[in-house]
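An overview of the molecular structure
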Amino acid sequence: MAPNGTGLAHYGNGEKPVGPVDYIPRIRDNYARLGYKAYNWVVNRDTPPWAPLRKPLSQCRLGLAASGGIYVAGQVAFHYKDDISFREIPTDVDTKELRATHFAYDLSDARTDPNVVFPIDTLRRLVREGFLGGLASRFYTFMGGIYSSRRVSEDLAPRLTERLLEDGVDAVLLVPV
Amino acid sequence: MGLVARHAEAAGIPTLCMTSARDITRAVNPPRAAFLDFPLGHTTGKPHEPDLQRRILVEALSSFGTMTAPGSMKELPFRWSEDEEWKAKAFAEGDDRTPRHDTPQYQNEEDRRRAEQGNSPSCPICRS
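This text gives an overview of the structure that appears in the document. The structure presented is a predicted model; accordingly, all values stated were derived computationally and were not measured. (Residues numbered from 1 in each chain as written. Chains lettered and ligands numbered in written order. Predicted model: local features only at pLDDT ≥ 70, side-chain atom pairs only at ≥ 80, totals over all residues. Heavy atoms only, no water.)

**Considerations on the overall build of chain B**
Going by this rule: Each helix is a run of DSSP H or I of at least 4 residues and each strand a run of E of at least 2, with the numbering of both proceeding from the N terminus. Under the scheme applied here, a residue whose accessible area is under 20% of the maximum for its type counts as buried, over 50% as exposed, and between as partly exposed, the area being computed with a 1.4 Å probe on protein chains only. Should any heavy atoms of two residues lie within 4.5 Å, those residues are counted as being in contact. Accessible surface is estimated by sampling points in the Shrake-Rupley manner with a 1.4 Å probe; for residues, cover comes only from the protein chains shown.
Within chain B, the secondary structure is distributed over six helices and three strands. Its helices and strands in sequence order give chain B the pattern α-β-α-β-α-α-β-α-α, from N to C terminus. Counting all 128 residues of chain B, 52% fall into the buried class. Across chain B, contacts joining residues at least 24 apart in sequence account for 48% of those joining residues at least 6 apart. As displayed, chain B has an accessible area near 5,700 Å², and 48% of this comes from carbon and sulfur atoms.

**With respect to the nonpolar core**
A general tendency of soluble globular proteins is for nonpolar side chains to be buried together. We count it as follows: The criterion is simple. A nonpolar core is a set of buried Ala, Val, Leu, Ile, Met, Phe, Trp, Tyr and Cys residues joined through side-chain atoms within 4.5 Å. Each domain's limits were defined by an automated method or a database of domain assignments.
L62, F118, L123 and L173 of chain A together with M18 and L61 of chain B are the most contacted members of the largest nonpolar core, which has 87 residues in total. Sort the elements by how many residues they give to this core and helix α3 (residues 50-61) of chain B lands first, with six residues. Of the residues that make up this core, three or more belong to each of domain 1 (1-46) and domain 2 (57-175) of chain A. Beyond its immediate chain neighbours, meaning those up to four positions away, F118 of chain A contacts L64, A66, I70, I89, L98, F139 and T141 of chain A together with T44 of chain B.

**Structural notes on the interface of chain A and chain B**
Put simply, the rule is: Two parts lose some accessible area (1.4 Å probe) when they are put together, and adding that loss for both gives the buried area. Whenever a carboxyl oxygen of Asp or Glu lies within 4 Å of a side-chain nitrogen of Lys or Arg, that contact is scored as a salt bridge. Any pair of nitrogen or oxygen atoms within 3.5 Å is treated as a polar contact; in protein, a donor-acceptor pairing is required on top of that, and neighbouring residues in sequence qualify only through side-chain atoms on both sides.
Taken together, the contacts link 100 residues of chain A with 89 residues of chain B. Regarding the contact of chain A and chain B, the summed buried area is about 8,400 Å², with carbon and sulfur atoms giving 62% of it. For chain A, the biggest contributors to the area lost against chain B are Y23, W50 and L174 of chain A; these three give 9% of the whole. At the boundary of chain A with chain B, the tally comes to five salt bridges. Between D46 of chain A and R6 of chain B there is a salt bridge; the shortest N-O distance is 2.9 Å. The interface formed by chain A and chain B contains 34 residue pairs in polar contact (both at pLDDT 80 or more).

**A look at the side chain of S67 of chain A**
Along the chain, S67 of chain A falls in the loop between β1 (61-66) and β2 (70-72). Aside from chain neighbours lying at most four places away, what touches S67 of chain A is H102, F142, M143, G144, V175, P176 and V177 of chain A together with M1 of chain B.

**Some details on the pairing of strand β1 (residues 15-19) of chain B**
For clarity, the threshold we go by: Note on pairing: DSSP must find at least two bridges between two strands before they are called paired.
Counting buried residues in β1 of chain B gives five out of five residues, a clear majority hidden from the surface. Burial along β1 of chain B is two-sided: T15, C17 and T19 of chain B and L16 and M18 of chain B, pointing in opposite directions, are all buried. For strand β7 (residues 171-175) of chain A and β1 of chain B, the ladder comprises three bridges, and the chain directions are parallel. The residue bridging L173 of chain A from the neighbouring strand is L16 of chain B, located in β1 of chain B. Direction of pairing for β1 of chain B relative to strand β2 (residues 32-35) of chain B: parallel, over a ladder of three bridges. Looking across to β2 of chain B, one finds that M18 of chain B is bridged to A34 of chain B.

**Here we look at unusual backbone geometry**
Residue and element names in this part refer to chain B. For N29, which is not glycine, the phi torsion reads 60° and is therefore positive. Among the secondary structure elements, N29 is positioned in the loop between α2 (22-28) and β2. Exposure remark for N29: the relative accessible area of 15% places this residue in the buried category.

**Focus: the environment of A66 of chain A**
With respect to the helices and strands, A66 of chain A occurs in strand β1. Residues A66 of chain A and F139 of chain A, spaced 73 residues apart in sequence, show a C-alpha to C-alpha distance of 8.3 Å.

**With respect to α3 of chain B**
Along an α-helix, a turn takes 3.6 residues, which lines up residues three or four apart on a common side. We count it as follows: To estimate how far a helix should extend, the number of its residues minus one is multiplied by 1.5 Å.
When the terminal C-alpha atoms of α3 of chain B are compared, their 16 Å separation across twelve residues agrees well with the 16 Å that a helix rising 1.5 Å per residue should span. Taken together, the buried positions of α3 of chain B are occupied by L52, Q53, I56, L57, V58, A60 and L61 of chain B. Where α3 of chain B is buried, its residues contact β1, α4 (120-128) and β7 of chain A together with β1, β2 and α4 (63-66) of chain B.

**Some points on helix α6 (residues 109-117) of chain B**
Two to three positions downstream of the cap, the backbone nitrogen of E110 of chain B sits 3.2 Å from a side-chain oxygen, assigning the N-cap of α6 of chain B to N108 of chain B. Phi turns positive one or two residues past the end of α6 of chain B, at G118 of chain B, with a value near 80°.

This is the structure in structure tokens:
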């Protein structure tokens, strides 16, 4: 983090950007400017849970959940205000039917190639190549940017986990934006 | 997304979280993460570069076999551009967020028409 806690100052004065961008100060400043109450970032200091992969990837069925706001044409699109719904995307979907909607990133690339936030073609290719054993029959998408971490922990995360268990995946790839 | 990762992992499903926001992911501390230092909206690659997209996912997914410590983050060996000017731009642009309406935000009007007609694929909405 920059010495004064703002992302702007970090790269001011013609300095060359070095290292990864710090988003926490940037987003905090944006929320303050919009007049929202301070966002409480989730900070977990404990050791995360751990489930080891039981077999090689070439024998695994992979699931995917992505928060880039992808939907299939014909589905109800996401909205921009704490949308905790998710969409089920069949993994044999025609990529041309995928759409992107989101309030927090530049959608222009995702709308011409959804693989930048929802790597459907990439994963299907990795199955054809034998790198992965297979894919779940459905993937999941949602919005992210949900203000209440409690609603994610108590609602969205358990519902998604329940689906992933039903789908019998051996591992899951998670793609935020 | 880190919260979803932790929840799924606690239920016995191994997870890998891609990320382009290293500080946010470090704070949430998911079981496994792979950091791609690209602008937001490109968590799994550049558009129309399927070979690069493939290399990124192969590098990332390999973490399932190599990571042994909960909370590990792999830094993926790809750069968006030589000069990294996009990072300065990410800050100079300031607030680029669109208003937070609570009605569906369609990519185009044809999508709205199709959704409102209700001839959508299976399970269009999975609400609580």
